[in-house]
Amino acid sequence: MPLDSSGLTCAGRRLTSQVANETEHHPSHLYRWLTPTPRPRPTAPPPNRCLRFVHALAVLRRLVASRPPPPPPPYGGDRSAAAAAAARLEPSWLVAPPEPDQRTHGSPSASASASAAGGGETAMTSKVYSDDVSLAVVVVDTNPFFWASAALPFADFFAHLIHYVNSLLLLNHLNHVVVIATGVSSCTYIFDSSDASASGAADVAATFAKASRKIEEFIAQDARCTASNGSVADSNSASLLSGALSLALCYIQRVFRSGTRHPQPRILCLQGSPDGPEQYVAVMNSIFSAQRSMVPIDSCIVGAQDSAFLQQASYITSGVYLKPQELSGLFQYLAAVFATDLHSRTFLRLPKTLGVDFRASCFCHKKTIDMGYVCSVCLSIFCKYHKKCSTCGSEFNRVMPDLNSMPDQRQ
Amino acid sequence: MYGVGVGGGGGFNAPSTASGRRRNQEDEEEEEEEAGEGRVLEAWERAYADDRSWEALQEDDSGLLRPIDTKTLVHAQYRRRLLLRSAATAAARIQKGLIRYLYIVIDLSRAASEMDYRPSRMAVVAKHAEAFIREFFDQNPLSHVGIVTIKDGICHRLTEIGGSPESQIKALMGKLECSGDSSLQNALELVHGYLDQVPSYGHKEVLILYSALNTCDPGDIMETIEKCKKSKIRCSIIGLAAEIFICKHICEETGGSYTIALDESHFKELLLEHAPPSPAIAEYAAANLIKMGFPQRGAEDLISICSCHKKIKSGAEGYICPRCKVNVCELPTECRTCGLTLVSSPHLARSYHHLFPVQPFDEVSSIYPNKLGQKGGQKCYGCQQSFINPDSQSSIHVRCPKCNQHFCLDCDIYIHESLHNCPGCESQRSSSS
C-alpha cells in the first residue's frame, strides 16, 4: 500500500529500522506482545510496516525500562544511526531505574493477560502514578453524509482505527482506550477497554468483533434517528462534536475521581464532516473545560477541509492538530503522531501547531474583523455601530463608543 | 505544562525501591506517620470549636478513623445553591453583568491578626483572595479587578484596576501586615472615587473582606452610602467575625450581599460565590457597544518593545494592536497607547456560558428500576458509571428535563460547574435547529 512518510519524524524513521533489527536479536520479548494482535480485517491489507513501528516502540520502551543488569548491546546493526536515534531519546528514556519495575514488568503471564484489556481490575489494585500510562478517548466521526463521498472507505478507516486502538493497548498494558462514535443525530460509547474481558488472545478478536458490531448498530440507529428527524435533510450536516467531547470529558472526570491511578488523559478527534456553527458555544465550553482539567485535545482531520473548531481546540489545550495528506496511510499517521503518551511527546518532533487566527467574525456580515463593536449585554460582535443590538434587543445610548472606550480613568 | 514534562520521568523514579533507598523510605514513612498524628491532633483540637465533631468520623475495616461519606450531603448543598441561582435568574429575566469592574477591599486592621482562623485571619483572607482572583478571571475574562487595603484607619490602593491576575496577586502577597483600626467610610470613599470613572457599561462592584467589628470613620458614613448608591456601586461584604449593623445596611442599600463566614471552608465558599457574574439590574449599567480590537500575533522577524514591560520582544511573542500597532504581551488587556480594549475571540466565548446556562437537573430516586432499564440501562449517560452501587445506600441521581437522560451526582456537579453543556442535549439533534 502507498505509504506517505511526511508525518513521520526523522527519528521515527530511524526507530523503525533500528528496532526492527533489535527484535531479531530478542525474539522472546516480542512474542508476548505479538500474541494479542487481532487478525486484520480482510478489507484492508495489514499495514505491516506501521504495526512493526508500534511494536518497535513498545519493545523499545520495555527494553529501556527493564534493562537487565548486563545490558545487551542497545542497538544492533548500524551503530552510528542507532547512536543518533538514541541521542534524541537518551535524556529521558534511557534513565532507567536500577531495578526492573515490579508493577509493569511482572511475570510474563500476568502482563500477557492484562495487555489485552488494558488493565481493568489489575490496574485498580495497584497504586500507581506513572507518566507512560495514558487514557485515550477517541472520538470517531460516523457521519454518513461525509463517508458516502469520502476518499477513504469507512471500512478501511475502521480497520486503521482498530489497529490504532490495538497499538495503544499494546504500548502499555495499563493503557485505557475508550472509543466514542459521533453521528448526525446521536453519540454513543463504542468501546471501553476496561470493560473488555482480560483473558487472552482469543477474546481480543471477540472484543473487536463486538466493537465493530456495535458501531454498525450505532450507524444504523443513527440513520433511523436522522430519517425520523425531518429537519436534517441537508447533505453537509455536521456531526455532534460537542456531544462527543462532553461525553469524553465526563468519562475522564470519572476516571480522575475513581481510581488510585492518575492516568494521563487525552482526547483524539477523528473528524471528517464540516463544523456545525450551531455547536460553537457548546464546543468552546468543552474546550475550556478540557483546558481547565489539562486534557489535550488532539485532532486528526480525515475530511477534505480543515476544522476551525478543532484547530482552536488543539491550540488552546496544547494538543496536536494534523490533517494527513495521504489518507490510505492513516494508520501510520495515527501511530507516529498520536500513539505516544504525553510524556514521550516532549521528545518527539510532532507536527507543529500553526498559529490559529483568533480574530472574531462579526454577526452581521460574517466578516473577519480586526476591530469591532461588542454589545456589553450579550457580547455579540458587530463591524459597525448600531443603535440596537440585533441579538438581545438592548438599545444603546448615544454616547459615542469611541470616546467611551478611551481610557479616561488614567491617572 | 501538563505536569508530565518537568517531573522528569516520575514513573521511573517512583517505583525505584532499590534496597539502598529502602531505609531512607522507611524513615520517610515514619515521618509521614508522625505528620499524620499531627493532623489527627489538629482535628481533636478543633473538636472544641465544632460541637460533636466526632460524629463526623467512622471506623473502617482496619480500625482507622475516616470521615463519613458526605457526598450526598455535599450534593444536596450544591443543589440548593444551584436552584437558588437559577431561580433568581429565571424569576426576573435579569441579564448578567458580564463586564465587571470590581474592587476587592481587604481589611488589614488590628482585627485581622486574630488567630481564630489558622494561622491568622489575614493569612486566610490572602490565601483565598488569591484563589478568588484566579477564579474570577477564569469566569469573567473581560472584567477588571483592583485591590484596596485598610490599615491604620487609612485606605490604600494596592493595585490599579486591571485585567491581569498575576500582577494583582503579586502585589497582594507583598503587602501583608496589619495594624490599627479599619474604616469603612474611607474605603468606600476611595473606591467610589475610582469606580466613578469606569465606562458606563461596566458593572461597578466592591467586595469587602472585613475582619474588624467596628469602623472608625472621619465623617458621616450614611452620606457615603448614599453616594455609592447614586453611582450604582454594588457593595458586598463578607465578615469574618460577627454581623454588624452598618455592614448590613451598606449591602441592603447598594444591592449587595452580606454574609458571615463560620470557618475557613465556609469563607472560601462564600468568597467564590462572588466569582460568577451576578444577575444585573438593568439600570445599573447602560447597554452600550464597546469598541474592541482583535489583535493578531506579530510576524517572526518583527522586533519591537512591548508596551507593558518595556522589554524587547520579537513579534511572535506578542500581539499587535490593530489601531496603533503597538506590541502587547498578553490578552485581554487595554492598549496602553490608544486605550482600545484588546481581546481574542475565545475570551468572548468563555463568557457565553453565563448567557446560556444548563438547566438544573431534576432529582430522581430509582424506585422504578424497570422504567430506568428501558431508558438506556442503569448507567450515567455521561460517564457510564452504574447507578447500582453496592456500598452506598442511596442511589439518587438526576435527570435532565430537556433530554431525559440520567446522570450521576458527580457528573451533575461537573456539568453545571465546569462543562456548562448537557452531554445528553448535545448528543441529540434538536428538531428546531
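The structure under discussion appears in the preceding block.
Here's the deal with the packing of helix α4 (residues 121-139) of chain B against helix α5 (residues 165-174) of chain B
Residue and element names in this part refer to chain B.
Stage number 1. The geometry of α4 relative to α5 is characterised by a closest axis approach of 10 Å and an angle of 170° between their N-to-C directions. Between α4 and α5, the interaxial angle falls into the category roughly antiparallel. Together, Ala-126, Ala-129, Glu-130, Ile-133, Arg-134 and Phe-137 of α4 and Pro-165, Glu-166, Gln-168, Ile-169, Leu-172 and Met-173 of α5 make up the contact between the two elements.
Stage number 2. Its residues placed into classes, the contact of α4 with α5 shows eight nonpolar, one polar and three charged.

Comments concerning the pattern of salt bridges
Stage number 1. This model, assessed by the stated rule, comprises 15 salt bridges over all chains.
Stage number 2. With a closest N to O distance of 3.1 Å, Arg-292 of chain A and Asp-138 of chain B form a salt bridge. With one member in each of two chains, Arg-292 of chain A in helix α11 (residues 280-292) and Asp-138 of chain B in helix α4 form a pair that bridges those chains.
Stage number 3. A relative accessible area of 37% places Arg-292 of chain A in the partly exposed class.
Stage number 4. For Arg-134 of chain B, the salt bridge is made with Glu-166 of chain B, and the minimal N-O distance between the two is 2.8 Å. With Arg-134 of chain B in helix α4 and Glu-166 of chain B in helix α5, the pair connects residues that are 32 residues apart, well separated along the chain.
Stage number 5. Its relative accessible area of 38% is what places Arg-134 of chain B among the partly exposed residues.

A few points about helix α12 (residues 409-419) of chain B
Residue and element names in this part refer to chain B.
Stage number 1. Across the eleven residues that make up α12, a large majority, eight, are buried.
Stage number 2. Taken residue by residue, α12 has Leu-409, Cys-411, Asp-412, Tyr-414, Ile-415, His-416, Ser-418 and Leu-419 as its buried positions.
Stage number 3. Two residues or fewer past α12, His-420 is found with a positive phi of approximately 60°.

Describing a positive patch on the surface
Stage number 1. A cluster of basic residues, Lys-210, Arg-213 and Lys-214 of chain A together with Lys-379 of chain B, forms a positive patch on the protein surface.
Stage number 2. With respect to the helices and strands, the residue Arg-213 of chain A is situated in helix α9 (residues 201-228).
Stage number 3. According to the relative accessible area criterion, Arg-213 of chain A is partly exposed, its value standing at 46%.

Some words on the sheet that holds strand β14 (residues 327-328) of chain B
All names here are of chain B.
Stage number 1. In spatial order, the strands read β10-β13-β14; together these three strands make up an open sheet with antiparallel pairing. Edge strands, defined here as strands with exactly one partner in the open sheet, are β10 (296-297) and β14.
Stage number 2. As paired elements, β10 and strand β13 (residues 319-320) share two bridges and run antiparallel to each other. Bridged to Gln-296 within β13 is Ile-320.

Comments concerning the nonpolar core
Stage number 1. By size, the foremost hydrophobic cluster in this structure holds 100 residues, and its most contacted members are Ile-267 of chain A together with Leu-195, Tyr-210, Ile-250, Leu-348 and Phe-407 of chain B.
Stage number 2. Broken down by element, the residue count for this core peaks at ten residues, all from helix α10 (residues 241-258) of chain A.
Stage number 3. Built from parts of two domains, this core gets at least three residues from each of domain 1 (128-347) and domain 2 (360-411) of chain A.
Stage number 4. Apart from residues lying up to four places away in sequence, Leu-348 of chain B is in contact with Val-374, Leu-379 and Ile-381 of chain A together with Leu-142, Met-292 and Phe-294 of chain B.
Stage number 5. Membership of the second largest hydrophobic core comes to 43 residues, among which are Val-138, Trp-147, Phe-331 and Val-337 of chain A.

Scoring rules and cut-offs
- Here the residue numbers are simple positions, counted from 1 along each chain's written sequence.
- Note on labels: chains are lettered from A, ligands numbered from 1, in written order.
- In keeping with the predicted nature of the model, local features appear solely for residues at pLDDT of at least 70, side-chain atom pairs appear and are counted solely at 80 or more, and the whole-chain, interface and lining totals rest on all residues.
- Side-chain metrics in this entry use all non-hydrogen atoms of the structure; hydrogen atoms and water are not considered.
- The axes used here are C-alpha line fits, helices contributing only the stretch in contact, and every angle between their N-to-C directions lies in the interval 0 to 180 degrees.
- Put simply, DSSP marks the helices as runs of H or I at least four residues long and the strands as runs of E at least two long, and each gets a number from the N terminus on.
- Under this scheme an angle from 65 to 115 degrees is roughly perpendicular, one under 35 degrees roughly parallel, and one over 145 degrees roughly antiparallel; angles in between are oblique.
- Only heavy atoms matter for contacts: two residues are in contact if any of them lie within 4.5 Å across the pair.
- All residues other than Ala, Val, Leu, Ile, Met, Phe, Trp, Tyr, Cys, Pro, Asp, Glu, Lys and Arg, Gly among them, are scored as polar; the first ten of these are nonpolar and the last four charged.
- Throughout this description, the term salt bridge denotes a Lys or Arg side-chain nitrogen within 4 Å of a carboxyl oxygen of Asp or Glu.
- The cut-offs for exposure are 20% and 50% of the maximum accessible area for each residue type, with area from a 1.4 Å probe on protein chains only; residues under the lower value are buried, those over the upper are exposed, and the others partly exposed.
- Think of a patch as exposed residues, more than 30% relative accessible area, with no salt bridge, where like charges cluster within 9 Å and nonpolar side chains (Val, Leu, Ile, Met, Phe, Trp, Tyr) cluster within 5 Å.
- Methods summary: accessible areas were calculated by the Shrake-Rupley approach with a probe of 1.4 Å, and residue burial reflects only the protein chains presented.
- The convention is simple: Lys and Arg are positive, Asp and Glu are negative, and His and the chain ends are not counted.
- All charge positions are set by atom: Lys at NZ, Arg at CZ, Asp at CG, Glu at CD.
- Should DSSP find at least two bridges between two strands, the strands are taken to pair.
- We define the nonpolar core as a collection of buried residues of types Ala, Val, Leu, Ile, Met, Phe, Trp, Tyr and Cys that are connected through side-chain atoms lying within 4.5 Å of one another.
- Either an automatic procedure or a domain database provided the assignment from which the domain bounds are taken.

So far we have only geometry, and geometry alone does not tell us how the molecule works.
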